Amino acid sequence: MVRIMKMLTRDERPPGEEPVSDLVPEPEVSRAKRVRVLLAAACSPLLFSYTVVALVLAVVSFAADRTRFSATGAVLAAGPGWLASWQVELDLGGHPLGVLPLLPTLVVAWLTARAATRAVRRIGGRTPADAVPVVTVIAGAHALFGVLIALLTGGSPIGVNPLTAFCVPGLIAGFAAVAGIAKVCGLPASVRDRFDPVAVHGLRAGALGLAAMIACGAAVFTVATALSWSTVDSLFEPGFGTSFGMFVLSVAYLPNAVVAALSFTTGPGFSIGSLTVGMFGYQEGRLPGVPVLAGIPSHHAVWWPALLLLPALVGALVGWKIRAIDEDPMLRMRAVAVAGALVAFGCVVLGTLAGGRLGDGPFDPVSVPVGVASVIAFCWIVIPGGFVAFFAGAHEPPEPPGEPDVEVIDEDVAVEPEVAEPAEEVEEAEAELDEEFDEEAEEELARELGETPAESEPEPEPEQDVAVTESTDGSGDESAPGGDR
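Residues numbered from 1 in each chain as written. Predicted model: local features only at pLDDT ≥ 70, side-chain atom pairs only at ≥ 80, totals over all residues. Heavy atoms only, no water.

**Student:** Could you give an account of the sheet that holds strand β5 (residues 275-277), naming the residues involved and the relevant values?
**Tutor:** The four strands lie next to each other as β6-β5-β4-β7, forming an open sheet whose pairing is antiparallel. In this open sheet, the two strands that pair with only one neighbour each are β6 (282-283) and β7 (366-367). When β5 meets β6, the two strands line up antiparallel, connected through two bridges. Bridging across to β6, Val-277 finds its partner in Tyr-282. (Pairing = 2+ DSSP bridges. Helix = DSSP H or I, 4+ residues; strand = E, 2+ residues; numbered from the N terminus.)

**Student:** Describe the nonpolar core, naming the residues involved and giving the relevant values.
**Tutor:** Looking at soluble globular proteins, one finds that nonpolar side chains tend to be buried together. Ranked by internal contacts, the top residues of the largest apolar core, which has 37 residues, are Met-213, Phe-264, Phe-270, Val-277, Ile-322, Val-343 and Ile-381. Among the secondary structure elements, those contributing two or more residues to this core are α8 (197-227), α11 (254-266), β4 (270-272), β5, α12 (309-322), α13 (329-354) and α14 (370-392). Among the elements that line this core, the one with the most residues is α8, at seven residues. When neighbours within four sequence positions are excluded, Phe-270 is seen to be in contact with Ala-260, Phe-264, Leu-275, Thr-276, Val-277, Ile-296, Ser-367, Val-368 and Pro-369. Counting residues in each nonpolar core, the second largest holds 32 residues, with Ala-116, Ile-123, Ile-138 and Ala-173 among its members. (Core = buried A, V, L, I, M, F, W, Y, C linked by side-chain atoms within 4.5 Å. Buried < 20%, exposed > 50% of the residue type's maximum accessible area, 1.4 Å probe, protein only. Contact = heavy atoms within 4.5 Å.)

**Student:** Provide a residue-level description of empty space enclosed by the protein, including the pertinent values.
**Tutor:** Vacant regions in the atomic arrangement are exposed by a probe of water-molecule size rolled over the atoms. All chains considered together, the criterion is met by one cavity of 30 Å³ or more. Around the largest cavity, the lining residues are Val-259, Leu-262, Ser-263, Thr-266, Cys-347, Leu-350, Gly-351, Val-368 and Ala-373. It is α11 that contributes the most residues to the lining of the largest cavity, four residues altogether. (1 Å grid on protein atoms, 1.4 Å probe; cavity = no way out; pocket = protein on both sides within 12 Å on 5 of 7 lines; lining within 4 Å. Points joined across faces, edges and corners; volume = space filled by probe spheres on them.)

**Student:** I'd love a proper account of the pattern of salt bridges, names of residues and values included.
**Tutor:** Overall, the coordinates contain three salt bridges when judged by the stated rule. A salt bridge links Arg-334 to Asp-196; the nearest nitrogen and oxygen atoms lie 2.4 Å apart. Taken together, the residues span a long stretch of sequence, with Arg-334 in helix α13 and Asp-196 in the loop between α7 (187-194) and α8 at a distance of 138 residues. On the accessibility criterion, Asp-196 (33% relative accessible area) is partly exposed. Residue Arg-357 pairs with Asp-364 through a salt bridge whose shortest N-O separation is 2.9 Å. (Salt bridge = Lys/Arg side-chain N within 4 Å of Asp/Glu carboxyl O.)

**Student:** Got a sec to walk through the packing of helix α2 (residues 31-63) against helix α10 (residues 240-252)? Specific residues and values, please.
**Tutor:** Direction vectors running N to C along α2 and α10 enclose 150°, while the axes themselves pass 7 Å from each other. On the basis of the axis angle, α2 is roughly antiparallel to α10. Across from Val-56, Val-59, Val-60 and Ala-63 in α2, the residues of α10 making contact are Phe-240, Gly-241, Phe-244, Gly-245 and Val-248. Broken down by class, the residue content of the contact of α2 with α10 amounts to seven nonpolar, two polar and no charged. (Axes fitted to C-alpha atoms, helices over the stretch in contact; angles between N-to-C directions. Parallel < 35°, antiparallel > 145°, perpendicular 65-115°, else oblique. Nonpolar A, V, L, I, M, F, W, Y, C, P; charged D, E, K, R; others polar.)

**Student:** Tell me about α2, and please be specific about residues and values.
**Tutor:** In a regular helix each residue adds 1.5 Å, so 33 residues correspond to 48 Å; α2 covers 48 Å between its end C-alpha atoms and thus fits that length. Along α2, the sharpest change in direction is near 25° and occurs at Cys-43; proline Pro-45 comes one to four residues later. Here α2 has its buried residues at Val-37, Leu-38, Ala-41, Ala-42, Pro-45, Leu-46, Ser-49, Val-53, Ala-54, Ala-58 and Ala-63. Each element contacted by the buried residues of α2 is listed here: α3 (71-85), α4 (102-122), α5 (128-152) and α10. (Expected span 1.5 Å × (residues − 1). Bend = angle between axes of the 7 residues up to and from the residue.)

**Student:** Outline α14, listing residues and values.
**Tutor:** Here α14 is 23 residues long and its end C-alpha atoms lie 32 Å apart, about the 33 Å a rise of 1.5 Å per residue gives. Approximately 30° is the largest bend angle found in α14, and it occurs at Gly-385. Considering only its buried residues, α14 is in contact with α8, α11, α12 and α13.

The following block contains the structure:
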């Protein structure tokens, strides 16, 4: 039995070829496969997004009343529609259209991020260097496709600036690809290693604060639309075709409306043509008959400033998130400042994308004051967030007071201090010093006047007891004759 077990467990490999690890190395991806993966990552989101835009336009034109459906027209119109989904400003018969829907932009960016993630995993990318070719190919493909559409639409009623068509899709697609492959390629860990830990905590808290701000804007928009549901219902026409097109348009512009509500909630507000809606000011004006704008109030209300509690709570949430990152309050305040800067930058980007030109009519332009909105958003994060982070977080304990009777010199040795002399001994010593000083002063004064100071009389020697001595002497002398007698 022992011999059989040895035969079963014997290693047949020659000496020197023992495995050093149980991990099997991944097979290297061939160059041809890598090229195929990169081409698929670049073309798949392009073709899919273009097909979706063409399909939506075809369905809307087919369902609309008093229109003539054309499949070729829908396919050709999908080109400018694809550019609009990537936030490329269009020119409709000499009238600029810059207020573009954000929902299609979010969808195509998500598709691009998913394609980048799949490509990196298929080529076995694990480091930030592996992400460079994927991001470059995806961004370059979108930029070239945008220029191609801009050139093909030349001479049509819809005009596009080729430079804008090249830069904007390529830039947005590049950022979407980076967001998709960040976790797979270890970009967060690389950022944590290169940046200050306090700044990293601030960026995380800032991302949370920006998401909370957007949630507040979405909540305000939802409540306002629900309270104005009768107006929303009146804006839809009885026919299915027209109502369906209006519904698709309103859904596409929902993120734009949320950003406007966010700007209103934080204080600056927004404007549509001559209409200005702010927390502390209101100017009347005309509105487009779109259901997504039905929640805009027709006059100012005195209770609107109560909504400022929402951004204040967001700032407190950011401070609560930062309160435990360090015992030093000043480091926590620096993290709050980083979070506020990120929220302010996010408000600038969202406000810029949500607004723009809307022809040359009474509704032009649609804008959010991004400069004022960013400063106010920064203050909403820093002031309440800094207060919470400073006072709710830990503080360095104060140094313990020293013992009154023990003087610590070393960590292991304690020496008792010298005991002060009693007050009576101090007074006696001072009195003796005063007497000596007075005697010296008198002697010096006498020498200046030429007088000899009186010498102190010597103490008399003690007198001997004469009577006793004489009696003793006499007694000796008298004793002899008396004896003779």
